[in-house]
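The lines below spell out each chain.
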Amino acid sequence: MATTPSPYLSLEMLNTALPLRHPSNPFLVKTASFARKPVVRARCSRLPESHESDKENGSTALQEDLKYLVKLGAGSIAGAAAIKYGSIIFPEITRPNLTEALLIISIPVLVSIMLLIRQSRAAD
């Protein structure tokens, strides 16, 4: 005996994705899910006194950030000028020298290795 389909929506039908055709493009098919999604709500629970101190801390943090950005911009401009015009002021730095290049690279590495060894011995 065959059962007749119910005119009402069942839970299984609500959780399945149904294809929808876009009105302007009949070849574009979207799927819609009627599953219930959880709702999350947040509430601010700050006291009025803490709001004033947060405002002051925020303004000082903003000033520190602006100072940092100004220093970063000035350093970037100075570095770019040194790279671009450094060969005019100091022409010897543009002449290739393998010994100087190896020393420039190896001396900081050796110094950092020695400092790390000294710190690890001092920690023991």
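On a predicted model such as this, the values are computed, not experimentally measured, just so you know.

Novice: Any chance you could explain the overall build of the chain here in plain terms?
Specialist: Regarding its fold elements, the chain presents 3 helices and 2 strands. The helix and strand sequence of the chain, counted from the amino end, reads α-β-β-α-α. When each of the 124 residues of the chain is scored for burial, the buried share is 2%. Of the accessible surface of the chain, which amounts to about 12,400 Å², a share of 65% is contributed by carbon and sulfur atoms.

Novice: Mind showing me how you'd approach the confidence of the model for the chain here?
Specialist: Do not read the fine detail of predicted coordinates wherever pLDDT is low. Residues at a pLDDT of 70 or more form 54% of the chain, whose mean pLDDT is 76. Confidence, expressed as mean pLDDT per element, reaches its minimum in the chain at helix H1 (residues 11–15) with 54 and its maximum at helix H3 (residues 98–123) with 93.

Novice: Could you clarify how one ought to interpret H3 in this entry?
Specialist: Turn by turn, an α-helix covers 3.6 residues, leaving residues three or four places apart pointing in a common direction. The end-to-end C-alpha separation of H3 is 38 Å, in line with the 38 Å expected for 26 residues at 1.5 Å each. At Ser106, H3 shows its maximal bend, which comes to roughly 25°, and the proline Pro108 appears one to four places after that position. For H3, the side-chain oxygen to backbone nitrogen distance between the N-cap and Thr99 is 3.3 Å, and the N-cap itself is Asn97.

Novice: For this particular structure, what's the right way to read a nonpolar patch on the surface?
Specialist: Judged by side-chain polarity, Leu62, Leu66, Tyr68, Leu69 and Leu72 come together as a nonpolar surface patch covering roughly 530 Å² of accessible area. Position of Leu66 relative to the elements: it lies in helix H2 (residues 48–89). Of the residues examined, Leu66 reaches a relative accessible area of 48% and is grouped as partly exposed.

Calculation rules
- Residues numbered from 1 in each chain as written.
- Predicted model: local features only at pLDDT ≥ 70, side-chain atom pairs only at ≥ 80, totals over all residues.
- Heavy atoms only, no water.
- Helix = DSSP H or I, 4+ residues; strand = E, 2+ residues; numbered from the N terminus.
- Buried < 20%, exposed > 50% of the residue type's maximum accessible area, 1.4 Å probe, protein only.
- Areas by Shrake-Rupley, 256 points an atom, 1.4 Å probe, with all protein chains shown as cover.
- pLDDT = per-residue confidence, 0-100.
- Expected span 1.5 Å × (residues − 1).
- Bend = angle between axes of the 7 residues up to and from the residue.
- Polar contact = N/O pair within 3.5 Å; in protein donor to acceptor, adjacent residues only side chain to side chain.
- Patch = residues over 30% accessible without salt bridge, like charges linked within 9 Å, V, L, I, M, F, W, Y side chains within 5 Å.
- Salt bridge = Lys/Arg side-chain N within 4 Å of Asp/Glu carboxyl O.

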